[in-house]
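Commentary on secondary and tertiary structure
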Amino acid sequence: MIDLHCHVLPGLDDGAKDDASALAMCRMAAADGIRILVATPHYRSGVGVEDLSVVAPAAERLQRLVDAEGIGLEIRHACEMPLLEDFLACYRSGTWLAYDSSRKYVLWEIPTLPCNGPAILSRIVSQLVSAGATPVLAHPERLPFLDDLRAVEDVCARGALLQVTAEAVVGDSSAGRRARAWLDAGLVAAVATDSHSVHRRPPRLSPVRDFLRRRYGEAAATALVSGNPSKILAGEPPA
Ligand SMILES: [Fe+2]
């Protein structure tokens, strides 16, 4: 399995606080069957890094620690971008770290918008797509303004991908109900952990994979936790 969203780089944001915490997350992920963990530190969100040039060296350093511990896990990196006024400039300038080498697939955290949320989200998705990006929306199930399925369908039709959170999908919250409705409608591209520690959204995908198998069958479950994440890392459109 591949986890596309994890705050595992030690000391960079509100995720792993030190090497021991990061390695504990890596051990848990590997034991769960995750083979690739994509570190996605927050950027300029108040809790994240101000300079993304630190991310690649931090990921390479964690990979060395993981290898030294004999943990079978590959560490990749991208970043989680908040909704900034200069988001287009960040993308065009190459500041925004993408999942893929062609810099197309970018992880984007959308806040709860005060009013006209669906219209604003649709407009900014279109702006990014016009610039050549494919925005991967981080935990959109947390956004109450996306209760209307038609609004979500519109965002997807404009080119955004939905990445929902594993813990929400199997949980009993309004976010979980939204995520499952979108899964039922075939609108979700990937499920990820958004793990911050072994306690806060632990880096495990097997519980949600098993849930998805029961609800949608083996092929759909595999696509959501392995096949589609692999395609996104390769810069290819998911199934
Ligand atoms: Fe996150």
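That block above? That's the structure.
Described in the following lines is the structure provided in the data block.

What counts, and at which threshold
Residue positions are given per chain, counted from 1 along the sequence in the order it is written. Whole-chain, interface and lining totals are the exception, using all residues; otherwise, since this is a predicted model, local features are given only for residues with pLDDT of at least 70 and side-chain atom pairs are given and counted only at 80 or more. Hydrogens and water are ignored here; the side-chain numbers use all heavy atoms of the structure. Strands are runs of DSSP state E lasting at least 2 residues, helices are runs of H or I lasting at least 4, and numbering of each runs from the N terminus. Under the scheme applied here, a residue whose accessible area is under 20% of the maximum for its type counts as buried, over 50% as exposed, and between as partly exposed, the area being computed with a 1.4 Å probe on protein chains only. In this description, contact between two residues means that some pair of their heavy atoms is separated by no more than 4.5 Å. Accessible surface is estimated by sampling points in the Shrake-Rupley manner with a 1.4 Å probe; for residues, cover comes only from the protein chains shown. Under this rule, positive means Lys or Arg and negative means Asp or Glu; His and the chain ends count for nothing. Here the site of a charge means NZ on Lys, CZ on Arg, CG on Asp, or CD on Glu. Metal donors were taken as nitrogen, oxygen and sulfur atoms no farther than 2.8 Å from the ion, or 3.2 Å where the ion is Na, K or Ca. Water is excluded, so coordination may look unfinished. Note on pairing: DSSP must find at least two bridges between two strands before they are called paired. The handedness rule is simple: strands pointing away from the viewer, and a clockwise path from the first strand over the helix to the second, make the crossover right-handed. Think of each axis as a best-fit line through the C-alpha atoms, taken over the contacting stretch in the case of a helix, with angles from 0 to 180 degrees between the N-to-C directions. For Phe, Tyr and Trp, where Trp contributes only its six-membered ring, two rings pair if their centres lie within 6.5 Å, and the inter-plane angle classes them as stacked under 30 degrees, edge-to-face over 60, or tilted in between. Charge-over-ring placement is defined geometrically: NZ (Lys) or CZ (Arg) within 6 Å of the ring centre, and within 35 degrees of the ring normal. In the sections that follow, a salt bridge refers to a side-chain nitrogen of Lys or Arg positioned within 4 Å of a carboxyl oxygen of Asp or Glu.

**Re the overall build of the chain**
- Within the chain one finds 9 helices and 8 strands.
- Projected onto its principal axes, the C-alpha positions of the chain cover 50 × 45 × 30 Å.
- In the chain, buried positions account for 54% of the 239 residues.
- Taking as baseline every contact in the chain between residues at least 6 positions apart, the subset at least 24 positions apart corresponds to 73%.
- Working note: accessible area of the chain is about 9800 Å², and carbon and sulfur atoms make up 51% of it.
- Looking at charge distribution, the chain has the averaged site of its 25 positive side-chain charges lying 3 Å from that of its 29 negative ones.

**So, the coordination of the iron ion**
- Ligation of the iron ion by protein atoms is provided by His5 (NE2), His7 (NE2), Glu80 (OE) and Asp194 (OD), these donors lying 2.0 to 2.3 Å from the ion.
- A relative accessible area of 2% means that Asp194 is categorised as buried.

**Section: the environment of Cys156**
- Locating Cys156 in the fold gives a position in helix 5 (residues 149-157).
- Along the primary structure Cys156 and Val125 are separated by 31 residues, whereas in three dimensions their C-alpha atoms are 9.0 Å apart.
- Apart from the residues within four sequence positions on either side, Cys156 is in contact with Leu162 and Leu187.

**Focus on the pairing of strand 2 (residues 36-39)**
- Where burial is concerned, the two faces of strand 2 agree: the one with Ile36 and Val38 and the one with Leu37 and Ala39 are both buried.
- Inspection of the sheet shows strand 1 (residues 2-6) paired to strand 2 by 3 bridges, in the parallel sense. Looking across to strand 2, one finds that Ile2 is bridged to Ile36.
- Each parallel crossover has a hand, and for strand 1 linked through helix 1 (residues 19-32) to strand 2 it is right-handed.
- The pairing of strand 2 with strand 3 (residues 74-77) spans 4 bridges and is classified as parallel.

**Quick word on the environment of Val66**
- Relative to the helices and strands, Val66 is located in helix 2 (residues 55-68).
- Note: C-alpha distance between Val66 and Thr95 (29 residues apart in sequence) is 27 Å.

**So, the sheet that holds strand 4 (residues 80-81)**
- Reading across from one edge, 4-5-6-7-8 is the order of the 5 strands in this open sheet, with parallel pairing throughout. Since the sheet does not close on itself, it has two edges, and those belong to strand 4 and strand 8 (188-192), each with one partner.
- The sheet strands contacting helix 9 (residues 218-233) are strand 5 (105-109), strand 7 (161-165) and strand 8, and the helix crosses strand 8 at an angle near 105°.

**Focus on the packing of aromatic side chains**
- If you walk through the whole model with that rule in mind, you get 3 aromatic pairs.
- Their ring planes at 40° and their centres at 4.9 Å tell us that Phe87 and Trp108 sit as a pair that is tilted. On the criterion of sequence distance, the pair formed by Phe87 in helix 3 (residues 87-93) and Trp108 in strand 5 is long-range, its members being 21 residues apart.
- Taking the centre distance of 5.6 Å and the plane angle of 65° together, the rings of Trp96 and Trp108 count as edge-to-face. On the criterion of sequence distance, the pair formed by Trp96 in the loop between helix 3 and strand 5 and Trp108 in strand 5 is long-range, its members being 12 residues apart. For the residue pair Trp96 and Trp108, the accessibility class agrees, reading buried in each case.
- Taken together, the aromatic side chains of Phe87, Tyr91, Trp96 and Trp108 make up a single cluster linked through ring pairs.
- Above the plane of the ring of Tyr91 lies Arg103, whose end atom (NZ or CZ) is 5.0 Å from the centre.

**Overview of the pairing of strand 6 (residues 134-138)**
- Burial analysis of strand 6 places 5 of its 5 residues in the buried class, which makes it a mostly covered element.
- By the alternation rule, side chains of strand 6 split into Thr134, Val136 and Ala138 and Pro135 and Leu137, which are all buried.
- With helix 4 (residues 117-130) bridging strand 5 and the parallel strand 6, this β-α-β connection has right-handed handedness.
- Sheet analysis places strand 6 next to strand 7, joined by 3 bridges and oriented parallel. Bridging across to strand 7, Leu137 finds its partner in Leu162.
- Where the polypeptide runs from strand 6 across helix 5 and back to strand 7, its parallel neighbour, the crossover connection is right-handed.

**Here we look at the pattern of salt bridges**
- Considering all chains together, one arrives at 15 salt bridges under this definition.
- Here Glu218 ties to Arg213 by a salt bridge, and the two come within 2.8 Å at their closest N and O atoms.
- Judged by relative accessible area, Glu218 falls into the partly exposed class, the value being 43%.
- Several salt bridges converge on common partners, so that one network encompasses Arg209, Asp210, Arg213 and Glu218.

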